[in-house]
Amino acid sequence: MSSLPVKETSIGNIDISLERDVFLRTLIRELSGALQEIVGLEEASGFIAIVGQSMGRQIDQEYKSALNLSNLSREQVADVLVDLKKRIKGDFYIIEENDEKIVLGNRTCPFAEKVIGRPSMCMMTSNVFGSVAAENLGYAKVELQETIASGASGCRVVVYLKQTQEAQEAKGREYLKG
């Protein structure tokens, strides 16, 4: 009986779903999950909020620099919120926009399936949106009314721009110009 040579499979050619995007989304998912389990959802959200606020300031500066502006109008803020999410593979869109609020919907989370069961990850959206809006318009309160992370088919995010009665009654985080 002759034995045929066994063809070795190259590790670099095997089919596994590991690349930078999946790795980083998984890393954030596992980090937020560990935080949620160890310190609880509220504290985990707080830690992620710190990162989100810093990122929001950086993103705001990048847009203003690219547009050669020192401040964005309300319309530009709304456009930036949609554009920044589009650039990171989200699918946000404006439902309503006026001087008091910007209401956004979303069909696809930038974290994709990695966000499910990790509502603390939504603090990235809250803080980036809140930071950009407040830095340019003076005030923002972000309410995450519906999220994919909590099991909804999409997200509904309200960015209040003025301290109206509706904004005061909303459950959300407030942001002020830094």
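Let us look at the structure shown here. (Residues numbered from 1 in each chain as written. Predicted model: local features only at pLDDT ≥ 70, side-chain atom pairs only at ≥ 80, totals over all residues. Heavy atoms only, no water.)

### With respect to the packing of aromatic side chains
Aromatic ring pairs are defined here through the distance separating the ring centres and the angle between the ring planes. Using the following cut-off: Each aromatic pair joins two rings of Phe, Tyr and Trp (for Trp, the six-membered one) with centres within 6.5 Å, and gets the label stacked for planes under 30 degrees apart, edge-to-face for over 60, and tilted for any other angle. Here a strand is any run of E in DSSP of at least two residues, a helix any run of H or I of at least four, and the numbering for each starts at the N terminus. Burial status follows relative accessibility: with a 1.4 Å probe on protein chains alone, a residue under 20% of its type maximum counts as buried, one over 50% as exposed, and anything between as partly exposed.
All chains considered together, the criterion is met by one aromatic pair. Measuring from ring centre to ring centre gives 5.5 Å for Phe-92 and Phe-129, while their planes differ by 75°; the resulting arrangement is edge-to-face. Of this pair, Phe-92 sits in strand S1 (residues 92–97) while Phe-129 sits in helix H4 (residues 123–137), and the two are 37 residues apart along the sequence. For the pair shown, Phe-92 and Phe-129 are each scored as buried.

### Some words on the sheet that holds strand S3 (residues 139–146)
To be explicit about the condition: Only when DSSP finds a minimum of two bridges between them are two strands counted as paired. In this analysis an axis means a line fitted to C-alpha atoms, helices contributing only their contacting stretch, and an angle means the value between N-to-C directions, from 0 to 180 degrees.
Pairing in this open sheet of five strands is antiparallel, and the strands run S1-S2-S4-S3-S5 from one edge to the other. Unpaired on one side and paired on the other, S1 and strand S5 (173–176) mark the two borders of the sheet. Mean inter-strand twist for the sheet, computed between neighbouring axes without regard to direction, equals 25°. For S3 and strand S4 (residues 155–160), the ladder comprises five bridges, and the chain directions are antiparallel. Counterpart to Leu-144 in the pairing with S4 is Val-157.

### Observations regarding the pattern of salt bridges
Should the charged atoms of two oppositely charged side chains come close, the side chains can pair. To keep it simple, the criterion reads: Every case where a carboxyl oxygen of Asp or Glu lies within 4 Å of a side-chain nitrogen of Lys or Arg is listed as a salt bridge.
Scanning the entire structure with this criterion turns up ten salt bridges. Note that Glu-113 and Arg-25 form a salt bridge whose closest N and O atoms lie 3.6 Å from each other. Of the two residues, Glu-113 is situated in the loop between strand S2 (101–106) and H4 and Arg-25 in helix H1 (residues 20–39); the sequence distance between them amounts to 88 residues. With relative accessibility at 47%, the residue Glu-113 sits in the partly exposed group. Arg-25 sits in the buried class, given a relative accessible area of 10%. Two residues, Asp-99 and Arg-74, come together in a salt bridge whose shortest N-O distance is 2.4 Å. Of this pair, Asp-99 sits in the loop between S1 and S2 while Arg-74 sits in helix H3 (residues 74–87); the two residues are 25 residues apart in sequence, bridging distant segments of the chain. Where salt bridges share partners, they join Asp-21, Arg-25, Glu-113 and Lys-114 into one cluster.

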